[in-house]
Amino acid sequence: MSPTATLGTAGEPAFEQELAGGVLTAAGDPRRLLAAAAPDLATHQRHYGPLPWMGGPGRLIQLLEDAGLTGRGGAGFPSARKLSAVAAGKRAVVVANGAEGEPLSSKDRMLLTRVPHLVLDGLQLVAEATSAAEAYAYVPDDLCGPISMALAERRGIDRITVQLVAAPDAFISGEETAVVSRVSGGAAIPRDKARMVVTAGVRGRPTLVHNVETLAQLALAARGGAAWFRSVGTPAEPGSFLATFSGAVVRPGVYELGYGVPLGQLLGAAGGPSAPLHAVLIGGYHGSWVPYPAAAQVPVSRAGLQPYGASPGAGVIAALPAAMCGLEQTSKILDYLADQSAGQCGPCLNGLPRLAEEFARLVGVPGRQSARGALQEVRRLAGLVEGRGACHHPDGTVRLARSALQTFASDVEAHRGGSCIARGTRGRS
């Protein structure tokens, strides 16, 4: 496949490439997530040591508070606060969320195949801390077999039985309330945001849903302690995170780095750009475009990316080559997101298809109407959709659309005039 990214047909992920890249451990630390392949329990215990039981909830909550661990599924919510809220309830449920519906992300799959026992260690620790009555591993159907084998290896050391639930292959299937719905026996679609999962989750009980990377990081923090965990990253955003690189980089793949690394250096972990870049999509299909090389020195952290309306999210880094039109890529992603709607509220069912259609008109996709008035209509629809959905899918889609209008402002003007910069002077640079 070409070193520059290609785009699939409708419904396929943008920047689709085989992830052939290697891994980079944070600061070369042999205890980090990707320091060793340990798919079986014996190898896992030789490398990482036995499961460090923590006792009651107070000790683990304090550790997570001191370490500053935040969720690695995208939202970045403080893990100690979620754990504390669930531990205060009765007959709690804990769930390892490995659905990874984001097309550009492969980090959760890598963890579940490379170091599944770190994830399962973390699940046992939060089950212990919450006195959980039930524990679940919510993973893609094709990984249920391997995870079932890993669970069988752990008989005799685990204190709570973990039940497997297959996650559908859909963008919204990993959303927290969709996970709760599926584990409860329903469809994997989001529910009303007003009901907090930590107090009324699976079958109405207090529920802790943690991304599998969060649980693996937690299992390492329990072994190394808060100071060790904070030895990489920044004081405000400590620890390492997994980033999935795709697009115009030399070595696409999953890499482990500390928060706060400048964007240019982060790309260097994947061998650097394979072609001149125009922008980088950070955070996946619900993420934001960041201009490049203008933002090469921007730290990849929530604080560093805030001026661009971006966040590391679930660690997706997709590099857009200068010869590829960012507006066209965004238009195809918006078509995909509109198709991934749960169809249970107006903003998704009606708003997202209209938004995608008007954005395509703005881009001037062959066979569509002219771009006259499309920019104003995109902005109007974004305002109507935002904040009104049953889940965050409409908000994330609007974020991407607005980010494209800002980052590719000159492209917008060119398209409104019937031309495309990527196919012109920039494409020949």
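All right, on to the sheet that holds strand β4 (residues 207–211) then. Spatially, the four strands line up as an open sheet ordered β3-β2-β1-β4, and their pairing is parallel. Bordering the open sheet on either side are β3 (162–167) and β4, each of which pairs with just one other strand. Averaged over neighbouring strand pairs, the angle between their axes works out to 20° when direction is ignored. The sheet contacts of helix α5 (residues 116–130) involve β1 (93–97), β2 (134–140), β3 and β4, and relative to β1 the element is tilted by about 160°. The strands touched by helix α8 (residues 212–224) are β1 and β4; relative to β4, the strand with the most contacts, the crossing angle is about 90°.

This part covers unusual backbone geometry. Note that the residue after Y292, namely P293, is joined by a cis bond; omega there is 15°. Relative to the assigned elements, P293 resides in the loop between β8 (288–291) and α11 (302–305). Phi at R91 is positive, roughly 50°, even though this residue is not glycine. Summarising the element assignment, R91 is placed in the loop between α3 (79–87) and β1. Looking at R91, the relative accessible area reads 53%, which means it is exposed. Positioned with a positive phi, S131 is a non-glycine residue whose angle comes to about 50°. With respect to the element layout, S131 can be found in the loop between α5 and β2.

Before going further, it helps to examine the pattern of salt bridges. What the rule picks out here adds up to 17 salt bridges. Of the charged contacts, one joins R109 and D142 as a salt bridge, the two residues approaching to 2.9 Å between their closest N and O atoms. Of this pair, R109 sits in helix α4 (residues 107–114) while D142 sits in the loop between β2 and α6 (144–153); the two residues are 33 residues apart in sequence, bridging distant segments of the chain. Assessed through its relative accessible area of 34%, R109 is described here as partly exposed. R203 serves as the salt-bridge partner of E134, at 2.5 Å between the closest nitrogen and oxygen. Of the two residues, E134 sits in strand β2 while R203 sits in the loop between α7 (176–183) and β4, which places them 69 residues apart along the sequence. Of the residues examined, R203 reaches a relative accessible area of 43% and is grouped as partly exposed. Salt bridges sharing partners connect three or more residues here, namely R72, K107, D108 and E213.

About the criteria used
Residues numbered from 1 in each chain as written. Predicted model: local features only at pLDDT ≥ 70, side-chain atom pairs only at ≥ 80, totals over all residues. Heavy atoms only, no water. Pairing = 2+ DSSP bridges. Helix = DSSP H or I, 4+ residues; strand = E, 2+ residues; numbered from the N terminus. Axes fitted to C-alpha atoms, helices over the stretch in contact; angles between N-to-C directions. Contact = heavy atoms within 4.5 Å. Buried < 20%, exposed > 50% of the residue type's maximum accessible area, 1.4 Å probe, protein only. Salt bridge = Lys/Arg side-chain N within 4 Å of Asp/Glu carboxyl O.

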